[in-house]
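Listed below are the residues making up each chain.
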Amino acid sequence: MATTKYIFVTGGVTSSLGKGIISASLGKLLQARGFKVTIQKLDPYINVDPGTLNPYEHGECYVTLDGAETDLDLGHYERFLGIPTSQANNVTTGGIYQTVINKERKGDYLGKTVQVIPHITDEIKRRIKLLGTRYKFDVVITEIGGTVGDIESLPFIESVRQLIWEMGESNSLVIHLTLVPFLSATGELKTKPTQHSVKVLLENGIQPNILILRTVKDLTLEIRKKVALFCNVNLESVIQSIDVSTIYEVPILMQKEKLDTAVIKKLKLPDSGPPELAPWKQFLRKLKNPRHTVKVGLIGKYVELQDSYKSIHESLIHAGAANDCKVEVRFIHSEDIGENNFTELLNGLKGIVVAPGFGDRGIDGKILAVKYARENNIPFFGICLGLQCAIVEFARNVIGLEKAHSTEMVTKTPDPVIDLMEDQKGITEKGGTMRLGGYPCVLKKGTLAHKAYSLNKVMERHRHRYEFNNAYLDVFEKAGMIASGINPDTGLVEIMEIPAKKWFLGVQFHPEYNSTVLKPHPLFVSFVKSSVS
Ligand code: GLN
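Calculation criteria
Throughout, residues of each chain are indexed from 1 in the direction in which the sequence is written. Reporting of local features is limited, given that this is a predicted model, to residues whose pLDDT is at least 70; pairs of side-chain atoms are given and counted only at 80 or more, and all residues count toward the totals for whole chains, interfaces and linings. Heavy atoms throughout the structure, all of them, feed into the side-chain values; hydrogens and water do not. Centres within 6.5 Å are what make two rings of Phe, Tyr or Trp a pair, Trp counting through its six-membered ring; a difference in plane orientation under 30 degrees is then read as stacked, over 60 as edge-to-face, and the rest as tilted. The numbering of helices and of strands both runs from the N terminus, where a helix is a DSSP run of H or I of at least 4 residues and a strand a run of E of at least 2. Partly exposed describes any residue whose relative accessible area lies between the buried limit of under 20% and the exposed limit of over 50%, with all areas from a 1.4 Å probe on protein chains only and scaled to the type maximum. Here, a charge over a ring is recorded when the distance from Lys NZ or Arg CZ to the ring centre is within 6 Å and its angle to the ring normal is within 35 degrees. Here a residue is considered near a molecule or strand provided that any single heavy atom belonging to it is located within 4 Å of it. Any pair of nitrogen or oxygen atoms within 3.5 Å is treated as a polar contact; in protein, a donor-acceptor pairing is required on top of that, and neighbouring residues in sequence qualify only through side-chain atoms on both sides. A 1.4 Å probe and the Shrake-Rupley method give the accessible areas. Residues count as covered only by the protein chains that appear here. Note on residue categories: nonpolar means Ala, Val, Leu, Ile, Met, Phe, Trp, Tyr, Cys or Pro, charged means Asp, Glu, Lys or Arg, and polar means any other residue, Gly included. A pair of strands is considered paired only if DSSP assigns at least 2 bridges between the two. Helix axes are fitted to C-alpha atoms over the stretch in contact, other axes to C-alpha atoms as well, and angles between N-to-C directions run from 0 to 180 degrees.

(A) View of the packing of aromatic side chains. Counting across every chain of the model gives 17 aromatic pairs. When the centroid spacing of 5.0 Å and the interplanar angle of 65 degrees are considered together, the rings of Phe381 and Phe524 count as edge-to-face. On the criterion of sequence distance, the pair formed by Phe381 in strand S15 (residues 380-383) and Phe524 in helix H18 (residues 522-532) is long-range, its members being 143 residues apart. Of the residues examined, Phe524 reaches a relative accessible area of 0% and is grouped as buried. Pairwise contacts between aromatic rings join Phe80, Tyr248, Trp280 and Phe283 into one cluster. If you follow Lys36 out to its NZ or CZ, it ends over the ring of Phe137, 4.8 Å from the centre.

This is how it looks when you write it as C-alpha coordinates:
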(Lines give C-alpha, C1' and ligand atoms only; values in the text may rest on other atoms or scores of the structure.)
Protein backbone atom coordinates (compact mmCIF):
# COMPACT_ATOMS: atom_id res chain seq x y z
CA MET A 1 0.00 0.00 0.00
CA ALA A 2 1.27 3.47 -0.87
CA THR A 3 0.51 5.29 2.38
CA THR A 4 0.73 4.02 5.90
CA LYS A 5 -2.46 4.55 7.91
CA TYR A 6 -2.21 5.48 11.57
CA ILE A 7 -4.58 4.48 14.34
CA PHE A 8 -4.26 6.08 17.76
CA VAL A 9 -5.70 4.36 20.81
CA THR A 10 -6.32 6.53 23.86
CA GLY A 11 -7.92 5.67 27.18
CA GLY A 12 -10.28 7.55 29.44
CA VAL A 13 -12.08 7.35 32.80
CA THR A 14 -9.61 4.97 34.44
CA SER A 15 -6.40 3.17 33.72
CA SER A 16 -6.16 -0.61 33.24
CA LEU A 17 -9.10 -0.84 30.83
CA GLY A 18 -7.06 -2.99 28.49
CA LYS A 19 -5.89 -0.63 25.74
CA GLY A 20 -3.11 -3.09 25.02
CA ILE A 21 -5.52 -5.97 24.43
CA ILE A 22 -7.86 -3.81 22.34
CA SER A 23 -4.92 -2.60 20.22
CA ALA A 24 -3.63 -6.15 19.83
CA SER A 25 -7.11 -7.42 18.94
CA LEU A 26 -7.66 -4.75 16.31
CA GLY A 27 -4.16 -5.44 14.99
CA LYS A 28 -5.05 -9.12 14.74
CA LEU A 29 -8.28 -8.41 12.83
CA LEU A 30 -6.52 -6.15 10.34
CA GLN A 31 -3.65 -8.61 9.94
CA ALA A 32 -6.17 -11.40 9.36
CA ARG A 33 -7.59 -9.29 6.53
CA GLY A 34 -4.18 -9.28 4.89
CA PHE A 35 -2.71 -5.96 6.06
CA LYS A 36 0.84 -5.56 7.32
CA VAL A 37 0.29 -4.22 10.83
CA THR A 38 2.41 -3.25 13.80
CA ILE A 39 1.57 -1.81 17.19
CA GLN A 40 3.52 0.76 19.15
CA LYS A 41 3.26 1.90 22.75
CA LEU A 42 3.93 5.43 23.98
CA ASP A 43 4.66 5.51 27.71
CA PRO A 44 4.46 8.79 29.59
CA TYR A 45 7.00 8.06 32.34
CA ILE A 46 10.46 9.64 32.50
CA ASN A 47 12.47 6.43 32.79
CA VAL A 48 14.24 5.96 29.47
CA ASP A 49 12.89 2.41 29.44
CA PRO A 50 11.19 0.12 31.98
CA GLY A 51 14.39 -1.92 32.44
CA THR A 52 15.20 -0.09 35.65
CA LEU A 53 11.69 -0.47 37.07
CA ASN A 54 10.85 -2.93 39.79
CA PRO A 55 8.13 -5.30 38.47
CA TYR A 56 5.85 -4.12 41.31
CA GLU A 57 5.82 -0.70 39.63
CA HIS A 58 4.98 -1.68 36.10
CA GLY A 59 4.70 -5.45 35.76
CA GLU A 60 7.03 -7.51 33.65
CA CYS A 61 9.76 -5.94 31.54
CA TYR A 62 9.38 -7.41 28.05
CA VAL A 63 12.51 -7.86 25.93
CA THR A 64 12.49 -7.60 22.15
CA LEU A 65 14.68 -9.57 19.77
CA ASP A 66 16.81 -6.48 19.14
CA GLY A 67 17.46 -6.17 22.87
CA ALA A 68 15.10 -3.39 23.94
CA GLU A 69 13.67 -3.52 27.47
CA THR A 70 10.05 -2.56 26.96
CA ASP A 71 6.52 -2.35 28.30
CA LEU A 72 4.63 -5.60 28.82
CA ASP A 73 2.01 -4.55 26.27
CA LEU A 74 4.56 -5.36 23.57
CA GLY A 75 4.25 -8.94 24.75
CA HIS A 76 0.53 -8.84 23.95
CA TYR A 77 1.28 -7.37 20.53
CA GLU A 78 3.70 -10.18 19.71
CA ARG A 79 1.50 -12.91 21.15
CA PHE A 80 -1.49 -11.72 19.11
CA LEU A 81 0.24 -10.77 15.85
CA GLY A 82 3.01 -13.35 15.90
CA ILE A 83 5.58 -10.91 14.50
CA PRO A 84 8.52 -9.42 16.40
CA THR A 85 8.46 -5.90 17.75
CA SER A 86 11.58 -3.81 18.19
CA GLN A 87 13.05 -0.85 20.04
CA ALA A 88 10.98 1.43 17.80
CA ASN A 89 7.73 -0.08 19.13
CA ASN A 90 8.12 1.43 22.59
CA VAL A 91 8.64 5.15 23.12
CA THR A 92 8.89 6.77 26.54
CA THR A 93 8.90 10.40 27.63
CA GLY A 94 12.37 9.72 29.06
CA GLY A 95 13.62 8.46 25.70
CA ILE A 96 12.13 11.45 23.88
CA TYR A 97 13.69 13.97 26.24
CA GLN A 98 17.02 12.15 26.16
CA THR A 99 17.15 12.46 22.35
CA VAL A 100 16.11 16.12 22.38
CA ILE A 101 18.54 17.06 25.15
CA ASN A 102 21.41 15.20 23.47
CA LYS A 103 20.66 17.11 20.26
CA GLU A 104 20.59 20.37 22.18
CA ARG A 105 24.01 19.62 23.68
CA LYS A 106 25.41 18.85 20.24
CA GLY A 107 24.21 22.24 19.09
CA ASP A 108 21.52 21.01 16.70
CA TYR A 109 19.12 23.74 17.85
CA LEU A 110 21.83 26.39 18.20
CA GLY A 111 20.36 29.80 18.90
CA LYS A 112 16.85 28.46 19.56
CA THR A 113 14.87 27.98 22.75
CA VAL A 114 14.11 24.26 23.02
CA GLN A 115 10.44 23.77 23.94
CA VAL A 116 7.78 21.10 24.42
CA ILE A 117 6.09 22.40 21.28
CA PRO A 118 7.59 22.01 18.71
CA HIS A 119 10.78 20.17 19.74
CA ILE A 120 9.38 17.47 22.02
CA THR A 121 6.26 16.98 19.90
CA ASP A 122 8.37 16.85 16.71
CA GLU A 123 10.46 14.05 18.20
CA ILE A 124 7.30 12.17 19.26
CA LYS A 125 5.85 12.53 15.77
CA ARG A 126 9.11 11.37 14.21
CA ARG A 127 9.06 8.21 16.36
CA ILE A 128 5.43 7.50 15.48
CA LYS A 129 6.00 7.89 11.73
CA LEU A 130 9.33 6.03 11.77
CA LEU A 131 7.65 2.63 12.04
CA GLY A 132 5.45 3.20 9.03
CA THR A 133 8.13 4.67 6.80
CA ARG A 134 11.12 2.54 7.78
CA TYR A 135 9.38 -0.80 7.94
CA LYS A 136 6.67 -0.16 5.34
CA PHE A 137 3.66 -1.16 7.41
CA ASP A 138 0.18 -0.65 5.97
CA VAL A 139 -1.20 0.20 9.39
CA VAL A 140 0.55 1.43 12.53
CA ILE A 141 -1.51 1.29 15.72
CA THR A 142 -0.15 3.59 18.41
CA GLU A 143 -1.36 3.02 21.94
CA ILE A 144 -0.99 6.02 24.19
CA GLY A 145 -0.28 4.99 27.77
CA GLY A 146 -2.05 6.62 30.70
CA THR A 147 -5.49 8.21 30.83
CA VAL A 148 -6.52 11.37 28.96
CA GLY A 149 -6.29 14.34 31.26
CA ASP A 150 -3.04 13.18 32.86
CA ILE A 151 -0.49 15.99 32.88
CA GLU A 152 2.32 13.68 31.80
CA SER A 153 0.69 12.40 28.61
CA LEU A 154 -0.22 15.85 27.26
CA PRO A 155 2.71 16.08 24.80
CA PHE A 156 1.67 12.72 23.31
CA ILE A 157 -1.95 13.85 22.92
CA GLU A 158 -0.81 17.14 21.37
CA SER A 159 1.41 15.22 18.92
CA VAL A 160 -1.56 13.08 17.91
CA ARG A 161 -3.62 16.25 17.34
CA GLN A 162 -0.92 17.66 15.07
CA LEU A 163 -0.48 14.37 13.19
CA ILE A 164 -4.20 14.05 12.48
CA TRP A 165 -4.14 17.44 10.78
CA GLU A 166 -0.90 16.77 8.92
CA MET A 167 -1.98 13.36 7.66
CA GLY A 168 -5.39 14.44 6.48
CA GLU A 169 -8.75 12.69 6.31
CA SER A 170 -8.79 8.93 5.98
CA ASN A 171 -5.11 8.49 6.85
CA SER A 172 -5.56 8.40 10.60
CA LEU A 173 -8.17 7.74 13.21
CA VAL A 174 -8.55 7.88 16.96
CA ILE A 175 -10.11 5.14 19.03
CA HIS A 176 -11.00 6.10 22.59
CA LEU A 177 -11.48 3.36 25.16
CA THR A 178 -13.59 4.19 28.20
CA LEU A 179 -15.57 2.55 30.97
CA VAL A 180 -19.35 2.46 31.35
CA PRO A 181 -19.81 1.66 35.02
CA PHE A 182 -22.75 -0.37 36.26
CA LEU A 183 -24.37 0.98 39.40
CA SER A 184 -25.78 -1.99 41.22
CA ALA A 185 -27.88 0.18 43.58
CA THR A 186 -29.97 1.48 40.68
CA GLY A 187 -29.23 -1.30 38.22
CA GLU A 188 -28.03 1.21 35.61
CA LEU A 189 -25.14 1.58 33.21
CA LYS A 190 -23.83 5.15 33.28
CA THR A 191 -22.42 7.03 30.29
CA LYS A 192 -21.46 10.30 31.97
CA PRO A 193 -17.81 9.36 32.62
CA THR A 194 -17.48 8.59 28.90
CA GLN A 195 -19.02 11.91 27.94
CA HIS A 196 -16.60 13.74 30.23
CA SER A 197 -13.64 11.83 29.01
CA VAL A 198 -14.47 12.64 25.38
CA LYS A 199 -14.81 16.30 26.44
CA VAL A 200 -11.26 16.18 27.77
CA LEU A 201 -10.07 14.88 24.40
CA LEU A 202 -12.06 17.62 22.63
CA GLU A 203 -10.46 20.27 24.87
CA ASN A 204 -7.16 18.96 23.55
CA GLY A 205 -8.34 19.32 19.97
CA ILE A 206 -9.09 15.66 19.28
CA GLN A 207 -12.44 14.26 18.18
CA PRO A 208 -12.36 10.48 18.60
CA ASN A 209 -13.75 8.54 15.63
CA ILE A 210 -14.56 5.30 17.41
CA LEU A 211 -15.49 4.73 21.04
CA ILE A 212 -14.95 1.38 22.70
CA LEU A 213 -16.85 1.03 25.94
CA ARG A 214 -15.76 -1.44 28.58
CA THR A 215 -18.78 -2.82 30.39
CA VAL A 216 -19.89 -5.71 32.55
CA LYS A 217 -23.39 -5.76 31.00
CA ASP A 218 -24.60 -5.54 27.42
CA LEU A 219 -25.19 -1.98 26.26
CA THR A 220 -28.72 -1.28 25.07
CA LEU A 221 -29.39 0.51 21.81
CA GLU A 222 -30.54 3.53 23.85
CA ILE A 223 -27.21 3.73 25.62
CA ARG A 224 -25.30 3.43 22.36
CA LYS A 225 -27.44 6.17 20.81
CA LYS A 226 -26.93 8.42 23.80
CA VAL A 227 -23.15 8.01 23.65
CA ALA A 228 -23.17 8.63 19.88
CA LEU A 229 -25.23 11.80 20.31
CA PHE A 230 -23.18 13.28 23.15
CA CYS A 231 -19.81 12.33 21.73
CA ASN A 232 -20.28 13.19 18.03
CA VAL A 233 -19.72 9.70 16.63
CA ASN A 234 -21.81 7.47 14.38
CA LEU A 235 -23.88 4.79 16.04
CA GLU A 236 -21.79 2.04 14.40
CA SER A 237 -18.69 3.63 15.91
CA VAL A 238 -19.94 2.95 19.43
CA ILE A 239 -18.46 -0.43 20.20
CA GLN A 240 -19.03 -2.49 23.29
CA SER A 241 -16.25 -4.43 24.96
CA ILE A 242 -17.86 -6.69 27.52
CA ASP A 243 -15.82 -8.57 30.14
CA VAL A 244 -14.77 -12.02 28.95
CA SER A 245 -13.07 -14.99 30.55
CA THR A 246 -9.98 -14.86 28.33
CA ILE A 247 -8.20 -12.01 26.56
CA TYR A 248 -7.91 -14.23 23.48
CA GLU A 249 -11.67 -13.93 22.98
CA VAL A 250 -11.41 -10.16 22.45
CA PRO A 251 -10.53 -10.21 18.70
CA ILE A 252 -13.63 -12.33 18.08
CA LEU A 253 -15.78 -9.99 20.16
CA MET A 254 -14.40 -6.97 18.34
CA GLN A 255 -15.16 -8.60 15.02
CA LYS A 256 -18.74 -9.26 16.15
CA GLU A 257 -19.01 -5.60 17.06
CA LYS A 258 -17.66 -4.77 13.58
CA LEU A 259 -14.70 -2.79 14.84
CA ASP A 260 -12.60 -3.84 11.84
CA THR A 261 -15.33 -2.77 9.39
CA ALA A 262 -15.64 0.66 11.06
CA VAL A 263 -11.86 1.12 10.87
CA ILE A 264 -11.62 0.03 7.25
CA LYS A 265 -14.41 2.37 6.26
CA LYS A 266 -12.94 5.39 8.00
CA LEU A 267 -9.41 4.76 6.72
CA LYS A 268 -10.65 3.89 3.23
CA LEU A 269 -8.71 0.64 3.30
CA PRO A 270 -9.51 -1.96 0.64
CA ASP A 271 -12.14 -4.39 1.95
CA SER A 272 -11.01 -7.82 0.91
CA GLY A 273 -13.63 -9.66 2.92
CA PRO A 274 -13.84 -10.92 6.47
CA PRO A 275 -10.68 -11.69 8.46
CA GLU A 276 -9.28 -15.20 8.23
CA LEU A 277 -9.51 -16.26 11.85
CA ALA A 278 -9.78 -20.06 11.55
CA PRO A 279 -6.45 -20.87 13.30
CA TRP A 280 -7.25 -18.36 16.05
CA LYS A 281 -10.69 -19.90 16.60
CA GLN A 282 -9.14 -23.34 16.67
CA PHE A 283 -6.82 -22.19 19.47
CA LEU A 284 -9.81 -20.74 21.36
CA ARG A 285 -11.75 -23.96 21.00
CA LYS A 286 -8.88 -25.91 22.51
CA LEU A 287 -8.42 -23.34 25.24
CA LYS A 288 -12.06 -23.46 26.25
CA ASN A 289 -12.55 -27.21 26.02
CA PRO A 290 -9.62 -28.75 27.88
CA ARG A 291 -9.59 -32.50 28.40
CA HIS A 292 -7.31 -32.39 31.43
CA THR A 293 -6.26 -29.96 34.13
CA VAL A 294 -2.78 -29.67 35.51
CA LYS A 295 -1.58 -27.69 38.51
CA VAL A 296 1.73 -25.94 37.94
CA GLY A 297 3.53 -23.87 40.57
CA LEU A 298 5.21 -20.64 39.54
CA ILE A 299 7.78 -19.73 42.16
CA GLY A 300 8.76 -16.07 42.22
CA LYS A 301 9.23 -13.14 44.51
CA TYR A 302 6.93 -10.69 42.76
CA VAL A 303 3.86 -12.95 42.79
CA GLU A 304 1.65 -10.37 44.55
CA LEU A 305 1.43 -8.69 41.15
CA GLN A 306 0.68 -11.35 38.56
CA ASP A 307 1.63 -8.97 35.73
CA SER A 308 5.24 -9.46 36.89
CA TYR A 309 5.21 -12.88 35.22
CA LYS A 310 2.82 -12.06 32.37
CA SER A 311 4.70 -13.75 29.54
CA ILE A 312 5.41 -16.93 31.52
CA HIS A 313 1.75 -17.18 32.50
CA GLU A 314 0.59 -16.66 28.91
CA SER A 315 3.18 -19.16 27.61
CA LEU A 316 1.76 -21.77 29.99
CA ILE A 317 -1.75 -21.01 28.71
CA HIS A 318 -0.61 -21.39 25.07
CA ALA A 319 1.20 -24.63 25.89
CA GLY A 320 -1.86 -25.87 27.79
CA ALA A 321 -4.11 -25.34 24.78
CA ALA A 322 -1.59 -27.16 22.59
CA ASN A 323 -1.90 -30.12 24.99
CA ASP A 324 -5.73 -29.91 25.31
CA CYS A 325 -5.11 -29.09 28.90
CA LYS A 326 -5.99 -26.30 31.30
CA VAL A 327 -2.91 -25.17 33.19
CA GLU A 328 -3.88 -23.95 36.63
CA VAL A 329 -1.01 -21.73 37.65
CA ARG A 330 -0.41 -21.48 41.39
CA PHE A 331 1.68 -18.42 42.15
CA ILE A 332 3.90 -19.19 45.13
CA HIS A 333 5.96 -16.59 46.91
CA SER A 334 9.56 -17.78 47.17
CA GLU A 335 9.91 -16.00 50.53
CA ASP A 336 7.11 -18.18 51.91
CA ILE A 337 9.02 -21.37 51.15
CA GLY A 338 11.14 -22.57 54.09
CA GLU A 339 12.84 -25.74 55.32
CA ASN A 340 9.85 -26.53 57.52
CA ASN A 341 7.03 -26.09 55.09
CA PHE A 342 8.25 -26.65 51.55
CA THR A 343 6.95 -30.22 51.22
CA GLU A 344 3.48 -29.26 52.26
CA LEU A 345 3.49 -25.98 50.27
CA LEU A 346 4.55 -27.64 47.04
CA ASN A 347 2.58 -30.82 47.51
CA GLY A 348 0.17 -31.62 44.67
CA LEU A 349 2.00 -29.65 42.00
CA LYS A 350 2.45 -31.55 38.75
CA GLY A 351 5.06 -29.15 37.45
CA ILE A 352 7.28 -26.45 38.93
CA VAL A 353 8.55 -23.31 37.23
CA VAL A 354 11.16 -21.21 38.99
CA ALA A 355 10.94 -17.67 37.69
CA PRO A 356 13.57 -15.12 36.66
CA GLY A 357 14.66 -12.46 39.10
CA PHE A 358 17.39 -10.32 40.56
CA GLY A 359 19.02 -10.15 43.99
CA ASP A 360 18.94 -12.53 46.90
CA ARG A 361 15.45 -11.89 48.34
CA GLY A 362 13.61 -15.21 48.28
CA ILE A 363 16.55 -17.10 46.77
CA ASP A 364 16.58 -19.86 49.41
CA GLY A 365 12.92 -20.64 48.75
CA LYS A 366 13.63 -20.96 45.05
CA ILE A 367 16.52 -23.34 45.71
CA LEU A 368 14.31 -25.44 47.99
CA ALA A 369 11.65 -25.61 45.28
CA VAL A 370 14.25 -26.96 42.85
CA LYS A 371 15.37 -29.55 45.39
CA TYR A 372 11.77 -30.66 45.92
CA ALA A 373 11.19 -30.98 42.16
CA ARG A 374 14.46 -32.85 41.60
CA GLU A 375 14.07 -35.26 44.50
CA ASN A 376 10.42 -36.02 43.72
CA ASN A 377 10.95 -36.20 39.97
CA ILE A 378 8.40 -33.48 39.31
CA PRO A 379 8.78 -31.76 35.92
CA PHE A 380 10.93 -28.70 36.54
CA PHE A 381 11.47 -25.68 34.31
CA GLY A 382 13.98 -23.04 35.46
CA ILE A 383 14.06 -19.73 33.65
CA CYS A 384 17.13 -17.48 33.86
CA LEU A 385 17.54 -17.08 37.66
CA GLY A 386 15.48 -20.30 37.83
CA LEU A 387 18.23 -22.14 35.93
CA GLN A 388 20.88 -20.54 38.12
CA CYS A 389 19.04 -21.80 41.23
CA ALA A 390 18.92 -25.30 39.75
CA ILE A 391 22.67 -25.17 39.18
CA VAL A 392 23.35 -24.00 42.74
CA GLU A 393 21.05 -26.69 44.15
CA PHE A 394 22.73 -29.42 42.11
CA ALA A 395 26.20 -28.20 43.09
CA ARG A 396 25.30 -28.26 46.78
CA ASN A 397 23.12 -31.34 47.10
CA VAL A 398 24.42 -33.67 44.38
CA ILE A 399 28.05 -32.69 43.80
CA GLY A 400 28.60 -31.81 47.46
CA LEU A 401 29.86 -28.25 47.06
CA GLU A 402 27.99 -27.14 50.14
CA LYS A 403 28.69 -23.43 49.88
CA ALA A 404 28.28 -23.11 46.13
CA HIS A 405 26.36 -20.01 45.06
CA SER A 406 26.04 -17.32 42.48
CA THR A 407 28.39 -14.39 42.98
CA GLU A 408 25.33 -12.18 42.54
CA MET A 409 24.20 -13.40 45.97
CA VAL A 410 27.51 -14.17 47.74
CA THR A 411 30.46 -12.41 46.16
CA LYS A 412 33.06 -14.46 47.99
CA THR A 413 31.51 -17.93 47.66
CA PRO A 414 34.25 -20.65 47.52
CA ASP A 415 32.39 -22.24 44.59
CA PRO A 416 31.09 -19.58 42.21
CA VAL A 417 29.10 -21.92 39.96
CA ILE A 418 27.30 -18.85 38.62
CA ASP A 419 29.53 -15.88 37.95
CA LEU A 420 29.45 -12.47 36.32
CA MET A 421 29.89 -12.64 32.55
CA GLU A 422 33.29 -11.45 31.40
CA ASP A 423 31.89 -8.52 29.41
CA GLN A 424 29.79 -7.40 32.40
CA LYS A 425 32.85 -6.78 34.54
CA GLY A 426 33.47 -3.07 35.04
CA ILE A 427 29.94 -2.03 34.01
CA THR A 428 28.47 0.33 36.58
CA GLU A 429 25.52 1.90 34.76
CA LYS A 430 22.29 0.00 35.24
CA GLY A 431 20.11 1.07 32.29
CA GLY A 432 20.29 -1.13 29.18
CA THR A 433 23.62 -2.71 30.13
CA MET A 434 22.68 -6.37 30.65
CA ARG A 435 23.16 -9.08 28.04
CA LEU A 436 19.99 -8.27 26.14
CA GLY A 437 18.08 -9.58 23.16
CA GLY A 438 18.48 -12.50 20.77
CA TYR A 439 21.52 -14.80 20.85
CA PRO A 440 21.98 -18.12 19.04
CA CYS A 441 22.03 -21.42 20.86
CA VAL A 442 23.14 -24.76 19.40
CA LEU A 443 21.29 -27.78 20.75
CA LYS A 444 23.01 -31.05 21.55
CA LYS A 445 21.49 -33.95 19.62
CA GLY A 446 19.54 -36.52 21.61
CA THR A 447 18.84 -34.21 24.55
CA LEU A 448 15.45 -33.18 25.90
CA ALA A 449 16.00 -29.66 24.55
CA HIS A 450 16.78 -30.97 21.07
CA LYS A 451 13.76 -33.23 21.09
CA ALA A 452 11.45 -30.46 22.28
CA TYR A 453 12.57 -27.96 19.65
CA SER A 454 13.24 -30.48 16.84
CA LEU A 455 15.90 -28.04 15.69
CA ASN A 456 19.69 -27.89 15.81
CA LYS A 457 19.97 -24.17 16.39
CA VAL A 458 17.61 -21.64 17.94
CA MET A 459 17.59 -17.93 18.70
CA GLU A 460 16.33 -16.87 22.11
CA ARG A 461 16.15 -13.62 24.04
CA HIS A 462 18.27 -12.76 27.06
CA ARG A 463 18.23 -10.41 30.01
CA HIS A 464 20.90 -11.17 32.59
CA ARG A 465 24.42 -10.40 33.81
CA TYR A 466 25.47 -13.76 35.29
CA GLU A 467 26.21 -17.09 33.63
CA PHE A 468 27.11 -20.69 34.37
CA ASN A 469 30.80 -20.91 35.26
CA ASN A 470 32.27 -23.24 32.62
CA ALA A 471 35.11 -24.22 34.96
CA TYR A 472 32.54 -26.52 36.63
CA LEU A 473 31.04 -28.02 33.47
CA ASP A 474 32.95 -31.33 33.61
CA VAL A 475 32.05 -31.96 37.24
CA PHE A 476 28.39 -31.22 36.53
CA GLU A 477 28.20 -33.43 33.47
CA LYS A 478 29.89 -36.30 35.30
CA ALA A 479 27.36 -35.93 38.13
CA GLY A 480 24.42 -36.07 35.70
CA MET A 481 23.50 -32.48 34.82
CA ILE A 482 24.47 -31.74 31.24
CA ALA A 483 24.69 -28.67 29.04
CA SER A 484 22.27 -29.26 26.18
CA GLY A 485 22.40 -25.80 24.63
CA ILE A 486 25.52 -23.72 24.04
CA ASN A 487 26.07 -20.33 22.46
CA PRO A 488 28.22 -21.24 19.41
CA ASP A 489 30.07 -17.90 19.42
CA THR A 490 31.00 -17.58 23.08
CA GLY A 491 30.67 -21.06 24.54
CA LEU A 492 28.24 -19.75 27.19
CA VAL A 493 25.94 -22.43 28.56
CA GLU A 494 22.35 -21.66 27.57
CA ILE A 495 20.46 -24.80 28.61
CA MET A 496 21.12 -27.42 31.26
CA GLU A 497 19.14 -30.56 31.96
CA ILE A 498 19.20 -33.75 34.03
CA PRO A 499 18.55 -36.59 31.56
CA ALA A 500 17.82 -39.08 34.33
CA LYS A 501 14.76 -37.11 35.42
CA LYS A 502 11.32 -37.08 33.85
CA TRP A 503 11.61 -33.44 32.72
CA PHE A 504 14.24 -31.29 34.37
CA LEU A 505 15.55 -28.39 32.34
CA GLY A 506 16.69 -24.82 32.86
CA VAL A 507 17.39 -22.05 30.38
CA GLN A 508 19.56 -18.98 30.73
CA PHE A 509 17.37 -17.15 28.22
CA HIS A 510 13.70 -16.18 28.32
CA PRO A 511 11.63 -18.53 26.15
CA GLU A 512 8.45 -16.85 27.44
CA TYR A 513 9.06 -13.83 25.18
CA ASN A 514 8.83 -16.10 22.16
CA SER A 515 5.55 -17.88 22.76
CA THR A 516 2.60 -16.75 20.66
CA VAL A 517 -1.01 -17.91 20.35
CA LEU A 518 -0.44 -19.61 17.02
CA LYS A 519 3.14 -20.71 17.80
CA PRO A 520 3.35 -21.83 21.41
CA HIS A 521 6.93 -22.22 22.63
CA PRO A 522 8.23 -25.79 22.19
CA LEU A 523 9.87 -25.91 25.64
CA PHE A 524 6.65 -24.85 27.38
CA VAL A 525 4.65 -27.30 25.26
CA SER A 526 7.01 -30.13 26.15
CA PHE A 527 7.07 -29.16 29.85
CA VAL A 528 3.25 -29.05 30.11
CA LYS A 529 2.99 -32.32 28.20
CA SER A 530 5.25 -34.00 30.69
CA SER A 531 3.39 -32.44 33.66
CA VAL A 532 0.09 -33.76 32.40
CA SER A 533 1.26 -37.29 31.68
N1 GLN B 1 19.93 -12.08 38.23
C2 GLN B 1 20.35 -13.04 37.25
C3 GLN B 1 21.37 -12.46 36.29
O4 GLN B 1 21.47 -11.26 36.14
C5 GLN B 1 19.17 -13.60 36.49
C6 GLN B 1 18.44 -12.59 35.67
C7 GLN B 1 17.07 -13.03 35.24
O8 GLN B 1 16.49 -13.95 35.81
N9 GLN B 1 16.52 -12.35 34.24
O10 GLN B 1 22.08 -13.19 35.66
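(B) Examining the site of the ligand more closely. Within the structure, the ligand sits among Pro356, Gly357, Phe358, Cys384, Leu385, Gln388, Glu408, Arg463, His464, Arg465, Tyr466 and His510. Measuring from a nitrogen atom of the ligand, one finds a backbone N or O atom of Arg463 at 2.9 Å. Summarising the interface, the protein chains cover 99% of the accessible area of the ligand, which totals 290 Å² for the free molecule. At the level of elements, helix H15 (385-399) and strand S19 (457-464) are the ones that each hand at least two residues to the shell around the ligand. Looking at the shell around the ligand residue by residue, the classes come out as 5 nonpolar, 4 polar and 3 charged.

(C) Examining the sheet that holds strand S7 (residues 172-179) more closely. As summarised here, the arrangement of the 7 strands in space is S5-S2-S6-S1-S7-S10-S11, forming an open sheet in which the pairing is parallel. Of all the strands in the sheet, just strand S5 (90-92) and strand S11 (238-242) have a single pairing partner and so form its edges. Each adjacent strand pair in this sheet contributes to an overall mean axis angle of 20 degrees, direction not counted.

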